[in-house]
Amino acid sequence: MEPNIHSIANLFAQLGLPSDSSAIDTFIATHAPLPHDMPLSDAPFWSPVQAAFLKTEIAEDADWSAVIDTLDVQLRAAG
């Protein structure tokens, strides 16, 4: 079985957020930098449903975890 590979745009769509590259860049610029000691799912800008999705996917090392990790890195590096 091949793993599902999701893009950052797919992740934003899954989270119910605008998923075009300009909107993603704006989201990252607006919310970065995320403190290094704060788990991504605990960031104050997520809705409870979004936070639960992120937390579950990372905890289960699910299909979405790689792209969630990518977003995490981008939110910590930007700003």
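See above for the structure.
Residues numbered from 1 in each chain as written. Predicted model: local features only at pLDDT ≥ 70, side-chain atom pairs only at ≥ 80, totals over all residues. Heavy atoms only, no water.

Novice: What exactly am I supposed to notice about the pattern of salt bridges here?
Specialist: Between side chains of opposite charge, a pair can form when the charged atoms approach closely. Applying the stated criterion to the full structure yields one salt bridge. The partner of R76 in a salt bridge is D72, and the shortest N-O contact between them spans 2.3 Å. Residue R76 and its partner D72 are both found in helix α4 (residues 65-77); the two are separated by four residues, about one turn of the helix. The burial state of R76 is the same as that of D72; both residues are buried. (Salt bridge = Lys/Arg side-chain N within 4 Å of Asp/Glu carboxyl O. Helix = DSSP H or I, 4+ residues; strand = E, 2+ residues; numbered from the N terminus. Buried < 20%, exposed > 50% of the residue type's maximum accessible area, 1.4 Å probe, protein only.)

Novice: Help me understand the side chain of Q50 in this model?
Specialist: Mapped onto the elements, Q50 comes out in helix α3 (residues 48-59). Residue classification places Q50 among the buried positions, given a relative accessible area of 11%. Within the local environment of Q50, its side chain forms a polar contact with the backbone oxygen of L15, the two atoms lying 2.8 Å apart. Those residues in contact with Q50, other than ones at most four positions away along the chain, are L15, L17 and F45. (Polar contact = N/O pair within 3.5 Å; in protein donor to acceptor, adjacent residues only side chain to side chain. Contact = heavy atoms within 4.5 Å.)

Novice: Teacher, can you tell me more about the packing of helix α2 (residues 21-31) against α4 here?
Specialist: A pair of packed helices is captured by two measures, namely the crossing angle of their axes and the spacing between those axes. Running from N to C, α2 and α4 cross one another at 50°; their axes reach a closest spacing of 8 Å. In terms of axis orientation, α2 runs oblique to α4. Handedness of the α2/α4 crossing: right-handed. Mapping the contact onto sequence places F27, I28 and H31 in α2 and L71, Q74 and L75 in α4. By residue class, the composition of the contact of α2 with α4 is four nonpolar, two polar and no charged. (Axes fitted to C-alpha atoms, helices over the stretch in contact; angles between N-to-C directions. Parallel < 35°, antiparallel > 145°, perpendicular 65-115°, else oblique. Left-handed = near helix turned anticlockwise from the far one by under 90°. Nonpolar A, V, L, I, M, F, W, Y, C, P; charged D, E, K, R; others polar.)

Shape descriptors only; they carry no functional weight alone.
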